[in-house]
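Spelled out, the chains give:
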Amino acid sequence: MMKKLLIIKLGGAAITDKKSLKTAKTDIIKKIAEQIKILHEQKYKIIIVHGAGSFGHILANEYGFNGEDNLNLNENMGLGVSKIRNSVQKLNQIILDIFDDYNIKSYSIPVSSNILKMGKLDGKLEFFNLFNLALENNLIPITYGDICLNDGIEKFKIISGDYIMEELVKKIDGEKYVIFGSNVDGYYEYNDGEKNIIHKIKFSEIDKIIKNKFDEDYIDVTGGIKGKLRSISNLGKHVNQVDLINLEKDNAILDLIDENIELKTTFTK
Ligand code: IPE
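Residues numbered from 1 in each chain as written. Predicted model: local features only at pLDDT ≥ 70, side-chain atom pairs only at ≥ 80, totals over all residues. Heavy atoms only, no water.

A. Structural context of the overall build of the protein chain. Tallying secondary structure elements over the protein chain gives 9 helices and 13 strands in all. Against the globule reference of 18 Å for 269 residues, the protein chain gives a C-alpha radius of gyration of 18 Å, in line with a compact fold. With the principal axes as the frame, the protein chain shows a C-alpha extent of 50 × 50 × 35 Å. Looking at the protein chain as a whole, 52% of its 269 residues qualify as buried. Split by element, the accessible area of the protein chain, about 13400 Å² in all, is 46% carbon and sulfur. (Helix = DSSP H or I, 4+ residues; strand = E, 2+ residues; numbered from the N terminus. Rg over C-alpha atoms; globule rule 2.2 N^0.38 Å. Buried < 20%, exposed > 50% of the residue type's maximum accessible area, 1.4 Å probe, protein only. Areas by Shrake-Rupley, 256 points an atom, 1.4 Å probe, with all protein chains shown as cover.)

Here is the structure:
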């Protein structure tokens, strides 16, 4: 039987300490590496997309890339681009080094080696071929949220891992298993001060949740949970299911695949 393609986002909140500049949670990354190693040996094809966490968002805010149009170019922004790109690359290197310790066959593909067109990854880009070729050769392509040069009014653009997930799911063929990993047990809402994980959400319900639960002016450089819900809603056009799990839990990915996990949110048609 043809094994599925796992496309998994390692959220920045899971793999870094979001409050502390450039701090990776290496223990969590090791836990993830252990599972990736096992799944790859079980012949799953795997693509990894990781977020930036405290290697990206803090600097992005500091240098004025705050999720609004970056039209007011100033000298400082170029410095910001350089620092942010360098910093997210460092996180990627930390992950690659840990994967290396587990003899995982990874192949890093930075999105910022491409020029964006009007803020988007061009569908014809060699970028996507690289993923296909890496997969064909039994490698695990790994990419990440980054800052890119843009052919458009904005000269630079922050690209979130969630958006890259959308593009990869659209462009890479095969039967897919799409997973978002975070540091929470799923999508939750507060009812009477109590945190409730919503176990199942239909893609078609997401718009209503965004409208009802988030303020118009809720902003994170790449949209926070609101942005994530938007991405998942877009993914619903291309896949039947997306799961949101907590990567801080031991064996979360393996348990999800074995259908042996209690706390998660499953988004379906
Ligand atoms: C953000 O990527 C990229 C930068 C801020 C440079 P993500 O939006 O995917 O990162 P996380 O998962 O929220 O940390």
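B. Broad picture of unusual backbone geometry. A positive phi is found at Asn 103, a non-glycine position, where the angle reads about 55°. Here Asn 103 lies in the loop between helix 4 (75-101) and strand 3 (106-108). For Asn 103, a relative accessible area of 56% puts it in the exposed group. Even without being a glycine, Asp 192 presents a positive backbone phi close to 50°. Residue placement: Asp 192 occurs in the loop between strand 9 (188-191) and strand 10 (194-197).

C. Focus on the environment of Lys 195. The residue Lys 195 is located in strand 10 in this model. Residues in contact with Lys 195, not counting those within four places in the same chain, are Tyr 188, Glu 189 and Tyr 190. (Contact = heavy atoms within 4.5 Å.)

D. Expanded view of the sheet that holds strand 7 (residues 156-159). Taken in spatial order, the 3 strands of this open sheet run 4-6-7, and their pairing is mixed. Where the open sheet ends on each side, the last strands, each with one partner, are strand 4 (116-117) and strand 7. The sheet contact formed by strand 4 and strand 6 (residues 146-151) spans 2 bridges and is parallel. Residue pairing in the sheet places Leu 116 in a bridge with Asn 150 of strand 6. Across the sheet, helix 4 lies against strand 6 and strand 7, angled at about 135° from strand 6, the strand it touches most. (Pairing = 2+ DSSP bridges. Axes fitted to C-alpha atoms, helices over the stretch in contact; angles between N-to-C directions.)

E. Layout of the nonpolar core. Grouped together as the largest cluster of nonpolar side chains are 37 residues, with contacts concentrated most on Ile 47, Val 242 and Phe 267. Among the secondary structure elements, those contributing two or more residues to this core are strand 1 (5-10), strand 2 (45-50), helix 5 (126-136), helix 6 (161-171), strand 8 (176-182), helix 7 (206-213), helix 8 (224-235) and strand 12 (241-246). For this core, the element with the highest residue contribution is helix 6, accounting for 5 residues. Residues within four places of Val 242 in sequence aside, it is in contact with Val 178, Phe 180, Phe 203, Ile 232, Leu 235, Thr 265, Thr 266 and Phe 267. Ile 8, Ile 142, Ile 179 and Ile 253 belong to the second largest nonpolar core, which has 33 residues in total. (Core = buried A, V, L, I, M, F, W, Y, C linked by side-chain atoms within 4.5 Å.)

F. The arrangement of helix 6 in detail. The buried fraction of helix 6 amounts to 9 of the 11 residues, a majority that puts the element mostly inside the structure. The set of residues buried in helix 6 consists of Gly 161, Asp 162, Tyr 163, Ile 164, Met 165, Glu 166, Glu 167, Leu 168 and Val 169.

G. Spotlight on the sheet that holds strand 12. With mixed pairing, 8 strands are arranged side by side in an open sheet as 3-5-2-1-8-12-13-11. Looking at strand neighbours, the two that pair on one side only are strand 3 and strand 11 (200-202), the edges of this open sheet. Within this sheet the neighbouring strands show an average axis-to-axis angle of 20°, counted without direction. Strands in contact with helix 4 are strand 2, strand 3 and strand 5 (140-144); relative to strand 5, the strand with the most contacts, it is inclined by about 155°.

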